[in-house]
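Structure at a glance
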Amino acid sequence: MTESQPQNSGSAGGSADIGRLRSYLLTQIHRHLEGNPVPDDQRRDAITQILEYSFTQTKVSLPRDTKAQLFREILDDLLGFGPIQALLDDPDVSEVMVNGPRRIYVERRGNLERTGVTFEDDAHVRRVIDKIVLPLGRRIDSENPTVDARLPDGSRVNAVVPPVAIDGSTITIRKFAKERLGVPDLIKYDSLTETMATFLEACVKAHLNIIISGGTGSGKTTLLNIMSGFIPEEERIVTIEDAAELQLQQDHVVRLETKAPNIDGHGGVSIRELVRNSLRMRPDRIVVGECRGGEALDMLQAMNTGHDGSLTTLHANTPRDATARLETLVLMSGVEMPLKVVREQIASAVDLIVQQTRLTDGSRKVTQITEVAGMEGDTIVMTDVFKYTQTGKTPEGKVLGELAPTGIRPLFMDKLQASGFTLSAAVFMKGSTAPRMKGDGSGQSRR
């Protein structure tokens, strides 16, 4: 028995005993691996064998469930991201939020809940953060206390450490959906109706410029991914994202992703630079994951100069707020422009705003599809084509409501028809079911 090996008392029941046993086993594994490095693809098997052998050598007796949990925690610590790995592996969890070492929350099926998972201390949280960012060539410390990163599976990570994070280091992980959702899934979840899906498909294929607006976690990127799937296979698509999340199935796709500056503050590539560069790549479509800065001006100018059919997302709670947000972002570009000129740019460039909302019961819906109809004086004119009306709640808290047309036909119907799409008047009538989308009188569905 080595000096650090736990004494055999027949069993180890207390948390302090388990903690010492865990530390001992981790030390043994590190010693074995230092002397006998193994390839990454064999690492799990090697660690499991060392763990079993080292545990047997202690002659400590543990209940089967306790031993299994101990082994799982050790493997998660060495091969994953420690205490939160089990949450990341849970298919029902869509987001993990670490608010310091003792308060860890998840979003599960659209609802926030606190978990019983904890870290040992803030240093333990920092080790996990380093494990995430160091392989990416990034650093986080008191001088650079925030970082955005992407896990190997595509999940988005944001981390903040003291002194900015007052109550301890924080981690927020938006999990990457392993299964790509489609229109049938949104219809099944009552996120939109078949009529709305038909209309959006026609708008995308007819090269309308579309903004998907919504709050944090409302499902904007998911909807953008689905709507991008309507783009015809023969078109060249350039996608621009902070962290690559879109999963376009078309063959002719160029994916661009921003790059953070190095330690010296050089070498960074912003969304705005990528948008400007994309214009020289002969794109048929430009799809920007999210407009959040001066790139909004470049995006609007691209929409106004022949790059029709562009799509992007924006943080805003209503379509009207989305246009105001766009105004603010354009003014952030550093280009001096009168506000009326900015609004004229928006009204000329943007055809449609699709509002995505996360309701109080955690469900996500398209709550408005709004046409940007032009200018009237100094005001951007907007018209709702489809709208969600909340009618109440069930005793269980589920939100009740209706997704329906408003009865107003958009002004760009001629553009849809010129592109070969005919939508019957029933599409825009209240209480309509799901009319088909047809092309040029052929009677054949284009869906």
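Focus on the state of the cysteines
Under the definition given, this model contains 0 disulfides. Left unpaired, C291 is separated from the closest cysteine sulfur, that of C203, by 19 Å.

Observations concerning the sheet that holds strand β3 (residues 111-114)
Here we have 6 strands laid out as an open sheet, ordered β3-β2-β1-β6-β5-β4, and antiparallel in their pairing. The sheet terminates laterally at β3 and β4 (146-150), the two strands that pair on one side only. Put simply, the sheet's adjacent strands are angled 15° from each other on average, direction ignored. Note: β4 against strand β5 (residues 156-160), 5 bridges, orientation antiparallel. Following the sheet pairing, V147 is matched in β5 by A159. Across the sheet, helix α5 (residues 122-133) is in contact with β1 (93-99), β4, β5 and β6 (170-174); its angle to β6 comes to roughly 45°.

Brief notes about the nonpolar core
Ranked by size, the top nonpolar core spans 42 residues in total, and within it F199, I210, M227, L352, V354 and I369 carry the most contacts. Per element, the largest residue contribution to this core is 7 residues, and it comes from helix α7 (residues 194-205). Apart from the residues lying within four places of it in its own chain, the contact partners of I369 are M196, F199, L200, L352, I353, V354, T383, D384, V385 and F386. Counting residues in each nonpolar core, the second largest holds 33 residues, with I240, V275, A322 and L326 among its members.

Some remarks on the sheet that holds strand β8 (residues 237-241)
The 9 strands are arranged β9-β8-β10-β11-β7-β12-β13-β14-β15 in an open sheet whose pairing can be described as mixed. The open sheet has two edge strands, β9 (253-257) and β15 (399-405), and neither has a second partner. Averaged over all neighbouring strand pairs, the angle between strand axes comes to 25°, with direction disregarded. Relative to strand β14 (residues 379-393), strand β13 (residues 364-376) runs antiparallel, the two being bridged by 8 bridges. If you follow E371 over to β14, its bridge partner there is T383.

Procedures and definitions
Residues numbered from 1 in each chain as written. Predicted model: local features only at pLDDT ≥ 70, side-chain atom pairs only at ≥ 80, totals over all residues. Heavy atoms only, no water. Disulfide = S-S within 2.5 Å. Pairing = 2+ DSSP bridges. Helix = DSSP H or I, 4+ residues; strand = E, 2+ residues; numbered from the N terminus. Axes fitted to C-alpha atoms, helices over the stretch in contact; angles between N-to-C directions. Contact = heavy atoms within 4.5 Å. Core = buried A, V, L, I, M, F, W, Y, C linked by side-chain atoms within 4.5 Å. Buried < 20%, exposed > 50% of the residue type's maximum accessible area, 1.4 Å probe, protein only.

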